[in-house]
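A structural walkthrough
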Amino acid sequence: MKVHEYQAKALLAQFGIPVPRGKVAFTPGEAKEIADELGCKVVIKAQVYAGGRGKAGGIKLADTPEEAEKAARELIGTRLVTHQTGPQGVPVSKVLVEQASDVERELYLSVLIDSATKLPLMMASEAGGVEIEKVAESTPEKIFRAYIHPAIGFEPFLGRKLAYGMNLGGDQFREALKLMAGLYGLFMAKDCSLAEINPLAVAADGRLFALDAKVNFDDNALFRHKDVEELRDIEQEDPLEVQAREWEINNYVRMDGNIGCMVNGAGLAMAVNDLLQYCGGSAANFLDIGTLNNTERVVNSFKMFKADPRVKTVLINIFGGMARVDVIAKGIVEAYQQMDIGFPVVVRLAGTNVEEGKRILAESGISFVEAKDFYDGAYKAVEAAKGATK
Amino acid sequence: MSILIDENTRLLVQGITGGEGSFHAQRCMEYGTKVVAGVTPGKGGSQHLGVPVFNSVETAMADAGANASLMFVPPAFAADGILEAIDAGMPLIVCITEGIPIADMVKVHSYLEGRPTRLIGPNCPGAISPGKCKAGIMVGEIHLPGSVGVVSRSGTLTYDVVAQLTNLGIGQSTCVGIGGDPLPGSTFVDILTLFQEDKDTKAVVLIGEIGGTLEQEAAAFIKSEMTKPVVAFVAGNTAPPGRRMGHAGAIITGTAAKASEKIKALSAAGAIIAPNPAEVGVTSKSVLERL
């Protein structure tokens, strides 16, 4: 789960990490008031779940409160298109109004879980302000790593290694150590999947502060962080994906095609989408129905297909394991009873209780295209979609 | 022969009295697995599905002689259950649970260090040595005893691939789901090592997916250590970058995490790549015919 920059910075501040003075504004008027309060030059930053805001025009400077109001007016209510958003962009409904800072150097600091060592990893670099992947490619020697054993925690020697690696001289490393301990504390306390300060700024007077920040959370741990869950901004997400979650279809991702897919299991669902492409078609969504054995989720999947105007045909591919095919079949029949389907539905069933499932579909008298296997299902769905778009 | 589990496996089911634990423990028994005990704290001394239930893994091992554990403990308590089994010295733990926080798995991995336990999963379908033992949630009937090893990050996609193999008359030595989480207990390399050593496994089918670099590590191992042929498929060619595709570990975070990069690495290492997920069976057949 992602959060906005202003929320990430509030969390950093809670853990003792210096951030610029500032506040979030929902209207141009509020932006003006905040700038007035701050009493200095300000930066107006669009709050969206996407990087690359600067280049996309989502960050503006303002010398006066009036200019701050004008900048906020230019941003709030628009959609920002960055290299991370796709052509439709993301809506801007709030801006962070922050004191403009003189920055001497831009550094990089982050914590994440390293999959090779299976330990929290703190990474630091003096090459901040750019994407760390680019630094890793062009100047890997500028990245310093500290692996943190969970039983030992963040010890000062690790911090010194990173601070000296970033060429923080004099007493600056002591300040850096406090900041690093704070970032690790936040990462562990809130079950983050990423806590990144980029750039970590060195001010003209030598002080360190977080100029920009990104904090992501482990979705699997949200059950123990209700406070984090409350920060979710559904406006930043695809409306179909928000709808899916409301209907308890938790593994739904919108894709670009016109074949609605309902599959059990994430790997199989990905493979179905791949196979559709192989057959010359393309999926409207990734949908892993999971293993909860109730017919409601099947019915809700059909509601999703009805809610998505791009869907021209539907492919259901179920290989029952923990999920039972007979329950899925009952769900399909219920969906037909509850709504006018209006598009061809290709069904491939296999696995646990498949005979019972096939019998339920056959006896219901509903109209569907039966597929004999994985490939046959994809092929027939692609053909049906082509027929429907002619 | 087979790897990990066989006719000598004496299975303990952690969470046996829960809905899923109970359902699948029974299915394992029906398949012929020697399920010897269950553990549910607070229900020790009772019987469930005809086997004794214990309060702890330690007593289940001592009194019932369990030498492998199959876990169905809910995500919030699963890591604690794994830690308990590691502490008791359980040789093999197969954890089915999906949704364990990654920070909990960091603890588990640091506790595993230097101990004799092998962990499979979490977030996996388990393992099956056809005709001998099933320690997992896969459909038993689609499997056929034979000499192809299957290792996969997916559950249901593996069922489909196994069904393809079985329909072509190609049996399996052992099928192992390593799970869809970012920090699996056992990796492709761990399982490939066992298949390479197993004299009755003649070829291996590897099913990867987007996210992480487990497939690249597997490629390096295949190139330097494997003498047996490996047929591979990597799911997620159509997955958009930055999106979590169902599995916690299935997210494209950089170039290496893409399906195309993994396929490139596996192919360069000498693995035979199936052109699409529905042709893993026929690809394997042609490879076996050339042996």
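All values reported here derive from a predicted model rather than from experimental measurement.

About the criteria used
- Residues numbered from 1 in each chain as written.
- Chains lettered and ligands numbered in written order.
- Predicted model: local features only at pLDDT ≥ 70, side-chain atom pairs only at ≥ 80, totals over all residues.
- Helix = DSSP H or I, 4+ residues; strand = E, 2+ residues; numbered from the N terminus.
- Buried ≥ 20, exposed ≤ 12 C-beta atoms within 10 Å, placed from the backbone.
- Contact = placed C-beta atoms within 7 Å.
- Expected span 1.5 Å × (residues − 1).
- Arc of directions from axis to C-beta.
- Axes fitted to C-alpha atoms, helices over the stretch in contact; angles between N-to-C directions.
- Parallel < 35°, antiparallel > 145°, perpendicular 65-115°, else oblique.
- Left-handed = near helix turned anticlockwise from the far one by under 90°.
- Core = buried A, V, L, I, M, F, W, Y, C linked by C-beta atoms within 7 Å.
- Domains from an automatic or database assignment.
- Pairing = 2+ DSSP bridges.
- Nonpolar A, V, L, I, M, F, W, Y, C, P; charged D, E, K, R; others polar.
- Right-handed = clockwise from strand over helix to strand, strands pointing away.

1. Section: the overall build of chain A
Of regular secondary structure, chain A possesses 13 helices and 18 strands. If one aligns the C-alpha atoms of chain A with their principal axes, the spans along those axes are about 80 × 50 × 40 Å. Counting every position in chain A, which comprises 390 residues, the buried fraction comes to 48%. Of the contacts formed within chain A by residues at least 6 apart in sequence, a portion of 70% connects residues at least 24 apart.

2. Things to note about the interface of chain B and chain A
The accessible area lost on association of the parts is a frequent measure of interface size. The interface is formed by 43 residues belonging to chain B together with 43 residues belonging to chain A. At six residues, the largest contribution of residues to the side of chain B that touches chain A is made by helix 4 (residues 102-112) of chain B.

3. Examining helix 7 (residues 214-225) of chain B
Residue and element names in this part refer to chain B. Between its first and last C-alpha, helix 7 extends 16 Å over 12 residues, near the 16 Å set by a 1.5 Å rise per residue. Looking at helix 7, one finds that the buried residues are Leu214, Glu215, Ala218, Ala219 and Ile222. Summarising the axial view, the buried residues of helix 7 lie within an arc of 140 degrees, below the 170-degree limit, and thus occupy one face. Residues Ser224 and Glu225 are exposed on helix 7 and point more than 90 degrees away from its buried face. Residues of helix 7 that are buried in the fold lie against helix 6 (188-197), strand 12 (203-209), strand 13 (230-235) and helix 8 (259-268).

4. Looking at the packing of helix 5 (residues 156-167) of chain B against helix 9 (residues 280-290) of chain B
Residue and element names in this part refer to chain B. The interhelical angle for the contact between helix 5 and helix 9, taken along N-to-C directions, is 45 degrees, at an axis separation of 8 Å. Between helix 5 and helix 9, the crossing angle belongs to the class labelled oblique. Regarding helix 5 and helix 9, the two cross each other, and that crossing is right-handed. Here Val161, Gln164, Leu165 and Asn167 of helix 5 come into contact with helix 9, specifically with Val280, Gly281 and Ser284.

5. Focus on the nonpolar core
Considering soluble globular proteins, one finds that nonpolar side chains tend to be buried as a cluster. Core analysis: the largest hydrophobic core is formed by 204 residues, its most contacted members being Leu183 of chain A together with Val94 of chain B. In terms of residues, this core owes the most to one element, helix 9 (residues 266-278) of chain A, which gives nine residues. In contact with Leu183 of chain A, not counting residues within four places along its chain, are Ile17, Leu109, Val111, Ala195 and Ile197 of chain A. If you look at the next biggest cluster of nonpolar residues, it comprises 23 residues, including Ala31, Ala71, Ala72 and Val97 of chain A.

6. Concerning the domain arrangement of chain A
If you check the domain split of chain A, you get domain 1 (20-100), domain 2 (102-236) and domain 3 (238-389). On a C-alpha basis, the centroid separation for the pair domain 2 of chain A and domain 3 of chain A is 42 Å.

7. Quick word on the sheet that holds strand 12 of chain B
Residue and element names in this part refer to chain B. Taken in spatial order, the seven strands line up as 9-8-11-10-12-13-14 in an open sheet, and their pairing is mixed. Two strands close off the open sheet at either side, each with one partner strand: strand 9 (133-136) and strand 14 (272-273). Of the strand pairs in this sheet, strand 8 (residues 126-129) and strand 11 (residues 172-177) are connected by two bridges, and their pairing is antiparallel. The residue bridging Ala127 from the neighbouring strand is Val176, located in strand 11.

8. Brief notes about unusual backbone geometry
For the peptide bond that leads from Asn198 of chain A to Pro199 of chain A, omega is 5 degrees, which places it in the cis range. For Pro199 of chain A, the position within the fold is in strand 10 (residues 192-203). Cis geometry marks the peptide bond from Gly121 of chain B to Pro122 of chain B, where omega comes out at 5 degrees. As for its position among the elements, Pro122 of chain B is in the loop between strand 7 (118-120) and strand 8. Unusually for a residue other than glycine, Asp191 of chain A sits at a positive phi of about 50 degrees. Tracing the backbone shows Asp191 of chain A in the loop between helix 6 (172-189) and strand 10.

9. Description of the sheet that holds strand 7 of chain B
Remark on secondary structure: sheet strands pair via backbone hydrogen bonds, oriented parallel or antiparallel. Residue and element names in this part refer to chain B. With respect to topology, seven strands assemble into an open sheet ordered 3-4-2-1-5-6-7, the strand pairing being mixed. Only two strands of the sheet have a single neighbouring strand rather than two, namely strand 3 (47-48) and strand 7. Of the strands in this sheet, strand 1 (10-14), strand 2 (34-39), strand 4 (51-54) and strand 5 (68-71) are in contact with helix 2 (residues 57-64), which crosses strand 2 at around 145 degrees.

10. Some points on the domain arrangement of chain B
Residue and element names in this part refer to chain B. We note that the domain assignment places domain 1 (10-120) and domain 2 (138-290) within chain B. A straight line from the C-alpha centre of domain 1 to that of domain 2 covers 26 Å. Each partner contributes residues to the interface: domain 1 has eight residues there, and domain 2 has eight residues. Looking at the side of domain 1 that touches domain 2, the elements with two or more residues in it are helix 1 (19-31), helix 4 and strand 7. In the side of domain 1 that touches domain 2, the residues fall into five nonpolar, one polar and two charged.

11. Thoughts on helix 10 (residues 295-307) of chain A
All names here are of chain A. Spanning 13 residues, helix 10 covers 19 Å between terminal C-alpha atoms, matching the ideal 18 Å at 1.5 Å per step. Along helix 10, the residues that are buried comprise Arg297, Val298, Val299, Ser301, Phe302, Met304 and Phe305. Looking at the buried side of helix 10, the elements it contacts are helix 8 (239-246), strand 13 (251-254), strand 14 (259-263), strand 15 (285-288), strand 16 (313-320) and helix 11 (325-338).

12. Observations concerning the environment of Glu241 of chain A
All names here are of chain A. The residue Glu241 is located in helix 8 in this model. According to the C-beta neighbour criterion, Glu241 is partly exposed, with 17 such atoms within 10 Å. Once residues within four sequence positions are removed from consideration, Glu241 is found in contact with Tyr252, Val253 and Arg254.

13. Focus: the pairing of strand 10 (residues 145-152) of chain B
Residue and element names in this part refer to chain B. Across five bridges, the pairing between strand 10 and strand 11 is parallel. Each residue of the ladder has a partner; that of Val148, found in strand 11, is Gln172. The handedness of the strand 10 to strand 11 crossover, carried by helix 5, is right-handed. Examined bridge by bridge, strand 10 and strand 12 share five bridges and lie parallel to one another. Among the inter-strand pairings, Gly149 is bridged to a residue of strand 12, identified as Val204.

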